Amino acid sequence: QVQLVESGGGLVQAGGSLRLSCVASGRTFSSYAMGWFRQAPGKERDIVAGISRNGVTTYYGDSVKGRFTISRDNAKNMMYLQMNTLKPEDTAIYYCAGVREYYSDRYIQSVNEYDTWGQGTQVTVSS
């Protein structure tokens, strides 16, 4: 029911910042647990951050803790990823993802549990 579109990627120097946005079309966005994932060439798709339906509970991968912040605005059908102190190893395609959560207001860590994906946005960090 929900379609996701990411934006905000680009080229930035190490130490810089970017803010990614994900807009959801549909009427059930607030029912979705959401997450940001990234995939570098030759590597598997890994979770960057997850957020529960109401934005109360969040999860961050170890490599981005203290640097990235996930947030959402259900009234606007939007999710965001603020990325600070970017490193070359952050270079990847970043994906917005979601899955409907009926039973608990929690984040979801496993990539295999998400069934709705955006097209991805490229983030490139130069040294």
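Here, the structure is the one placed above.
Caption draft 1: Here's a closer look at the overall build of the protein chain. Secondary structure assignment for the protein chain yields zero helices and 11 strands. Its C-alpha atoms give the protein chain a radius of gyration of 14 Å, near enough to 14 Å, the size a compact globule of 127 residues would have. The dimensions of the protein chain, computed from C-alpha atoms along their principal axes, are 45 × 25 × 25 Å. A buried classification covers 45% of the 127 residues belonging to the protein chain. Nonlocal contacts in the protein chain, meaning residues at least 24 apart in sequence, comprise 62% of its contacts between residues at least 6 apart. Accessible area for the protein chain stands at about 6500 Å²; split by element, carbon and sulfur atoms hold 45% of it.

Caption draft 2: Molecular detail of the packing of aromatic side chains. For the coordinates displayed, the defined rule picks out six aromatic pairs. Among the aromatic residues, those joined into a cluster by ring pairs are Phe-37, Tyr-95, Tyr-114 and Trp-117. The ring centre of Tyr-95 lies 3.8 Å from the NZ or CZ of Arg-45, which sits over that ring.

Caption draft 3: Highlighting the pattern of salt bridges. Evaluated as defined, the whole model comprises five salt bridges. Note that Asp-62 and Lys-65 form a salt bridge whose closest N and O atoms lie 3.3 Å from each other. Arg-106 serves as the salt-bridge partner of Glu-101, at 3.3 Å between the closest nitrogen and oxygen. For Glu-101, a relative accessible area of 6% puts it in the buried group. Judged by relative accessible area, which is 36%, Arg-106 ranks as partly exposed. Three or more residues joined by partner-sharing salt bridges are found here, namely Arg-38, Arg-67 and Asp-90.

Caption draft 4: Layout of the pairing of strand β11 (residues 121-126). What you see with β11 is a clean split: Thr-121, Val-123 and Val-125 sit on the buried side and Gln-122, Thr-124 and Ser-126 on the side with no burial. Pairing geometry for strand β2 (residues 10-13) and β11, over four bridges, is parallel. Bridge pairing links Val-12 to Val-125 in β11. Note that strand β9 (residues 92-100) and β11 share three bridges and pair antiparallel. Considered in β11, the bridge of Ile-93 is made with Gln-122.

Caption draft 5: Structural view of the sheet that holds strand β3 (residues 18-25). Spatially, β1-β3-β8-β7 is the arrangement adopted by the four strands of the open sheet, whose pairing is antiparallel. Edge positions in the sheet fall to β1 (3-7) and β7 (68-73), since each of these pairs with one other strand and no more. Averaged over all adjacent pairs, the angle separating strand axes in this sheet is 15°, with direction ignored. By the bridge criterion, five bridges tie β1 to β3 in an arrangement that is antiparallel. Bridge pairing links Val-5 to Val-23 in β3.

Rules behind the numbers
Residues numbered from 1 in each chain as written. Predicted model: local features only at pLDDT ≥ 70, side-chain atom pairs only at ≥ 80, totals over all residues. Heavy atoms only, no water. Helix = DSSP H or I, 4+ residues; strand = E, 2+ residues; numbered from the N terminus. Rg over C-alpha atoms; globule rule 2.2 N^0.38 Å. Buried < 20%, exposed > 50% of the residue type's maximum accessible area, 1.4 Å probe, protein only. Contact = heavy atoms within 4.5 Å. Areas by Shrake-Rupley, 256 points an atom, 1.4 Å probe, with all protein chains shown as cover. Phe/Tyr/Trp six-rings, centres within 6.5 Å; stacked < 30°, edge-to-face > 60°. Lys NZ or Arg CZ within 6 Å of the ring centre and 35° of its normal. Salt bridge = Lys/Arg side-chain N within 4 Å of Asp/Glu carboxyl O. Pairing = 2+ DSSP bridges. Axes fitted to C-alpha atoms, helices over the stretch in contact; angles between N-to-C directions.

What is shown is where atoms sit, not what they do.
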